[in-house]
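Remarks on the overall topology
Letter by letter, the chains look like this.
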Amino acid sequence: MSTNQKNEVLPTTNKQKYDQAFITSFSIDENQLGENLAYNQLPAWDSIGHMTLVAALEDAFGISMETDDIMNFSSYTKGMELMAKYGIKI
Amino acid sequence: MSKPANLEALRLDLQGLHEYQRNRFPYLMIDVAEEVIPGVSAKGFKNLTANDWFFECHFAGDPNMPGMLQIEAMVQLCALTVLTLPGNKGKIAYVTSVNNLKFKRKVLPGERFDLETTLHSWKRGIGQCSGKGFVNGELACQAEFSIVLPDILNGFTPGTNKPE
């Protein structure tokens with residue numbers, strides 16, 4: 001990762017950007033990321049949190065996700081598959 | 001946000017407010033929405049009288065409009081910017097977050113509480129908004145807030161049917 005002028009660590013790889021979207025959107029720690037992380041399995045990942053996550057991913061990767069993909073984005077690992085549709089390899 | 005094509009500005013009196021949104025007396029905090037530009041902004045006001053229910057309890061001997069109701073008034077008004085978009089009339093709207101909230105002066109019985117709100121973004125049932133409240137042109141409060149229409153939002157979450 002690199003840093004900005006405020007010495008904040010910035011994600012540089014796709015995996016780092018992907019993880020950062022979850023960490024920021026749900027206010028969770030890196031060690032909570034993984035195959036057990038799924039929609040409604042975390043208090044913060046509710047319907048509003050879901051849209052927050054989608055917006056964070058769209059901003060991070062410069063994409064606009066299709067409705068079907070948003071609805072199918074049911075977990076951390078499923079999301080990795082869906083990102084590939086947009087040419088983003090996690 | 002830019003104004004959607006073919007949507008004219010609206011002026012909503014009590015009947016119009018009842019038509020587009022679900023808050024009712026005594027919780028409706030707007031008397032008139034003077035200008036609602038769908039998808040863009042809304043201006044309106046509430047005339048405050050000594051008979052308003054909250055003055056008796058907030059506070060005895062020092063009646064003033066509760067700050068949370070000032071925010072509620074802004075939220076109700078800005079919600080009209082999305083409730084006047086096609087297909088949204090009469091839907092339930094909730095506030096989900098309020099940030100950078102500031103109160104500058106008391107809002108008192110006998111005063112007219114003017115409101116100006118802006119919808120900065122509207123996507124998949126979530127709106128990012130800001131608003132200001134004034135009395136006699138003097139800033140009384142300001143805030144940034146998010147509103148949500150669950151009817152739309154829930155159509156994008158895993159395990160639901162695709163929205164029409």
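Here the structure is shown first, and the text comes after it.
Read on for a plain summary of the structure. (Residues numbered from 1 in each chain as written. Chains lettered and ligands numbered in written order. Predicted model: local features only at pLDDT ≥ 70, side-chain atom pairs only at ≥ 80, totals over all residues. Heavy atoms only, no water.)

Counting from both sides, the interface comprises 14 residues of chain A and, opposite them, 16 residues of chain B. When the buried surface of chain A facing chain B is broken down by residue, A:Ile48, A:Met51 and A:Met71 rank first, second and third, together holding 49% of it. Summed over the shared surface of chain A and chain B, the number is two residue pairs in polar contact (both at pLDDT 80 or more). If you list the elements that add at least two residues to the side of chain A that touches chain B, you get α2 (47-61) and α3 (67-72) of chain A. With six residues, α2(A) is the single largest residue contributor to the side of chain A that touches chain B. (Contact = heavy atoms within 4.5 Å. Buried area = accessible area lost by both parts, 1.4 Å probe. Polar contact = N/O pair within 3.5 Å; in protein donor to acceptor, adjacent residues only side chain to side chain. Helix = DSSP H or I, 4+ residues; strand = E, 2+ residues; numbered from the N terminus.)

Right, let's talk about the pairing of strand β2 (residues 32-37) of chain B for a bit. Residues and elements named next belong to chain B. Across two bridges, the pairing between strand β1 (residues 10-12) and β2 is antiparallel. If you follow leucine 12 over to β2, its bridge partner there is alanine 33. Taken together, the five bridges between β2 and strand β3 (residues 41-47) define a ladder with antiparallel strand orientation. Paired with valine 36 across the strands is alanine 42, a residue of β3. Hairpin geometry of β2 and β3 is characterised by an intervening segment of three residues between the two adjacent antiparallel strands and by a positive phi of about 80 degrees at glycine 39. (Pairing = 2+ DSSP bridges.)

For the coordinates displayed, the defined rule picks out 11 aromatic pairs over all chains. Summarising the aromatic geometry, the rings of A:Tyr18 and A:Tyr76 are spaced 5.3 Å apart at their centres and angled 50 degrees between planes, so their arrangement reads as tilted. Note that A:Tyr18 is positioned in helix α1 (residues 14-26) and A:Tyr76 in helix α4 (residues 76-84), a separation of 58 residues in sequence. Given the relative accessible area of 4%, A:Tyr76 is considered buried. Aromatic side chains B:Trp53 and B:Phe54 sit 5.4 Å apart centroid to centroid with 80 degrees between the ring planes, which places their arrangement in the edge-to-face category. Here B:Trp53 falls in the partly exposed class, since its relative accessible area comes to 39%. With relative accessibility at 1%, the residue B:Phe54 sits in the buried group. In this structure, B:Arg112 is placed above the aromatic ring of B:Phe45, and the distance from its NZ or CZ to the ring centre is 3.8 Å. (Phe/Tyr/Trp six-rings, centres within 6.5 Å; stacked < 30°, edge-to-face > 60°. Buried < 20%, exposed > 50% of the residue type's maximum accessible area, 1.4 Å probe, protein only. Lys NZ or Arg CZ within 6 Å of the ring centre and 35° of its normal.)

Now for the side chain of B:Gln76. Residues and elements named next belong to chain B. On the secondary structure map, glutamine 76 appears in helix α3 (residues 67-83). A distance of 2.9 Å separates a polar side-chain atom of glutamine 76 from the backbone oxygen of tyrosine 27. Not counting residues up to four positions away in its chain, the partners in contact with glutamine 76 are Asn23, Tyr27, Leu28, Met29 and Ile30.

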